[in-house]
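Observations on the three-dimensional arrangement
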Amino acid sequence: MLLLDDPTLEGVGALGSRVMVDPEDELATRFEAEVIPLLDTLYAGALRMARNPDDASDLVQETVERAFKGFKSFTPGTNLRAWLFRIMTNAYINSYRKKQRQPQQSSADDVEDWQMHKAASHTSAGLRSAEAEALDRLPDSDVTRALSSIGEDYRLAVYYADVEGFAYKEIAEIMGTPVGTVMSRLHRGRKQLRELLEDYATERGLVPSQGEGS
Amino acid sequence: MNTGGCADPHGCEDTDQHLYEYQHHELTPDLHRRIEEHLATCAHCRELYAEEEVIRQRVKECACERAPEQLRAQVFAFIATFRTTRG
Ligand SMILES: [Zn+2]
């Protein structure tokens, strides 16, 4: 056969004898090898969206199914984690958010707003370093509680930037918003988080008396 | 705002406004350097930044849940169906 001279077609001669690896099988193997190690990450992310373990598991399962269907279109070498999070975010918005029926905190997104709000709460330098220490001493449950009580868009932006370490551009793609919106969500989210954590630290008596400040 | 008597209040303003972008390495090299320089000279902003670093670190640490075994098994089972259907 003339074709066998072409080195790129090596192995084609075995056609019909079923020695070749099924391409679909190969895809499944590759998918498994690359996606399974990310399950914990996806689950932790899903918990920030669905906020209960059962829904989070369902969300990850749905994400995996959607991702498998689209895996052929995923470009190897690009950020698989970001790609999966985009699928998960879409799945969440399209099905879970509707199902949950929780009143969503609305979040207006104009960039100017946070610039106007910027730190009116500056206190003296001496107090601050004690504050860093107090924040460090908060129990994990307080941090989780604070994160789950800020608006969803803020929470996800903070999660993507601070936990996943995605670039703003990637977050914009994942959330389907302009980069400016990502920035404003991050600013507001982090400011709110900070305020909550400071409140918790005060309630727990971790912050030394705020007598003389500002 | 109270800048703690900093000699460069404009730098404090810049830093306050761009602190998160600085933290996430999203600024132009120029602006990044400017903020870095400001932080080196301004104790007030440095402490503010230290706090934001603590917050980021805490948020990062608290998100370490592991996928339940049942979910893991479901995912394996799902992938397996694509292997056997085309055997
Ligand atoms: Zn300063």
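Residues numbered from 1 in each chain as written. Chains lettered and ligands numbered in written order. Predicted model: local features only at pLDDT ≥ 70, side-chain atom pairs only at ≥ 80, totals over all residues. Heavy atoms only, no water.

**Examining the pattern of salt bridges**
Applied cut-off: When a carboxyl oxygen of Asp or Glu lies within 4 Å of a side-chain nitrogen of Lys or Arg, that pair is called a salt bridge. Helix numbering and strand numbering both begin at the N terminus, where a helix is a DSSP run of H or I of at least 4 residues and a strand a DSSP run of E of at least 2. Working definition: with a 1.4 Å probe on protein chains only, accessible area under 20% of the residue-type maximum means buried, over 50% means exposed, and in between means partly exposed.
With the rule as written, the count across this model stands at 22 salt bridges over all chains. Two residues, Arg 137 of chain A and Glu 133 of chain A, come together in a salt bridge whose shortest N-O distance is 3.3 Å. In this pair, Arg 137 of chain A and Glu 133 of chain A both sit in helix 6 (residues 125-137), four residues apart, roughly one turn of the helix. Between Arg 58 of chain B and Asp 140 of chain A there is a salt bridge, with the nearest N and O atoms lying 2.9 Å from each other. Of the two residues, Arg 58 of chain B is situated in helix 3 (residues 43-62) and Asp 140 of chain A in helix 7 (residues 140-149); the pairing between them involves two chains. Take Asp 140 of chain A: its relative accessible area is 45%, and that puts it in the partly exposed class. Through salt bridges with shared partners, a single network forms among Glu 131, Asp 162, Arg 190, Arg 194 and Glu 198 of chain A together with Glu 51 and Glu 52 of chain B.

**Here we look at helix 3 (residues 53-70) of chain A**
Residue and element names in this part refer to chain A. Under the convention used in this document: Expected span, for any helix, means 1.5 Å times one less than how many residues it has. Nitrogen and oxygen atoms within 3.5 Å of one another constitute a polar contact, given that in protein one can donate a hydrogen and the other can accept it, and given that sequence-neighbouring residues count only through two side-chain atoms.
Across its 18 residues, helix 3 extends 26 Å between first and last C-alpha, which sits within 8% of the 26 Å expected from 1.5 Å per residue. Regarding helix 3, the residues found buried are Asp 55, Ala 56, Ser 57, Leu 59, Val 60, Gln 61, Thr 63, Val 64, Ala 67, Phe 68 and Gly 70. The backbone nitrogen of Asp 54 has a side-chain oxygen 3.2 Å away, supplied by the residue at the start of helix 3, namely Asn 52.

**Topic: the confidence of the model for chain A**
Residues and elements named next belong to chain A. Convention followed: In predicted models, pLDDT denotes the confidence assigned by the predictor to each residue on a 0 to 100 scale. Only heavy atoms matter for contacts: two residues are in contact if any of them lie within 4.5 Å across the pair.
Averaged over every residue, the pLDDT of chain A is 79; the share at 70 or more is 72%. Across residues 1-18 the pLDDT falls below 50, and counting only partners more than four positions away or on other chains, this stretch makes four contacts in the model. Low pLDDT, under 50, characterises residues 102-126; the predicted model gives this stretch 45 contacts beyond four residues in sequence or across chains.

**Brief notes about unusual backbone geometry**
A negative phi angle is the norm for most residues apart from glycine, just as the trans form is the norm for most peptide bonds. Residues and elements named next belong to chain B. Phi at His 25 is positive, roughly 55 degrees, even though this residue is not glycine. Tracing the sequence through the fold places His 25 in the loop between helix 1 (9-23) and helix 2 (29-41). Overall, His 25 belongs to the exposed group, its relative accessible area being 62%.

**Let's talk about the state of the cysteines**
The cut-off we apply is this: The disulfide definition used here is simple: a pair of cysteine sulfur atoms within 2.5 Å.
Counted by the stated rule, this structure contains zero disulfides over all chains. Among the cysteines around Cys 64 of chain B, which has no disulfide bond, Cys 62 of chain B carries the closest sulfur, lying 7.6 Å off.

**Things to note about the coordination of the zinc ion**
Residue and element names in this part refer to chain B. Filter applied, for reference: Each metal site is built from N, O and S donor atoms within 2.8 Å (3.2 Å for Na, K and Ca), and since water is not included, such sites may look incomplete. A four-donor site is classed as tetrahedral when every donor-metal-donor angle falls between 85 and 135 degrees; four donors are called square planar, and six octahedral, when trans pairs exceed 155 degrees and all remaining angles lie between 65 and 115, with any other arrangement labelled irregular.
Around the zinc ion, the protein supplies Cys 12 (SG), His 38 (NE2), Cys 42 (SG) and Cys 45 (SG) as donor atoms, at distances of 2.0 to 2.3 Å. Given four donor atoms and angles of 102 to 116 degrees at the metal, the environment of the zinc ion is assigned as tetrahedral. Each donor residue of the zinc ion belongs to the same chain, and together they define the spacing C-x25-H-x3-C-x2-C. Of the two residues examined, Cys 42 and Cys 45, each falls in the buried class.

**Comments concerning the packing of aromatic side chains**
For clarity, the cut-off: Note on aromatic contacts: the rings of Phe and Tyr and the six-membered ring of Trp form a pair at centre separations within 6.5 Å, being stacked when their planes are under 30 degrees apart, edge-to-face when over 60 apart, and tilted otherwise.
The tally for this structure, following the rule as stated, stands at 14 aromatic pairs over all chains. Between the aromatic rings of Phe 68 of chain A and Phe 78 of chain B, the centroid separation amounts to 5.7 Å while the plane-to-plane angle is 85 degrees, which identifies the pairing as edge-to-face. Pair noted here: Phe 68 of chain A is in helix 3 and Phe 78 of chain B is in helix 4 (residues 69-84), and the two residues belong to different chains. An angle of 70 degrees between the planes, with centres 5.1 Å apart, marks the rings of Phe 78 of chain B and Phe 82 of chain B as edge-to-face. Here Phe 78 of chain B pairs with Phe 82 of chain B, and both are found in helix 4, just four residues apart, close to one helical turn. Residue Phe 78 of chain B is classed as buried on the basis of its relative accessible area, which comes to 15%.

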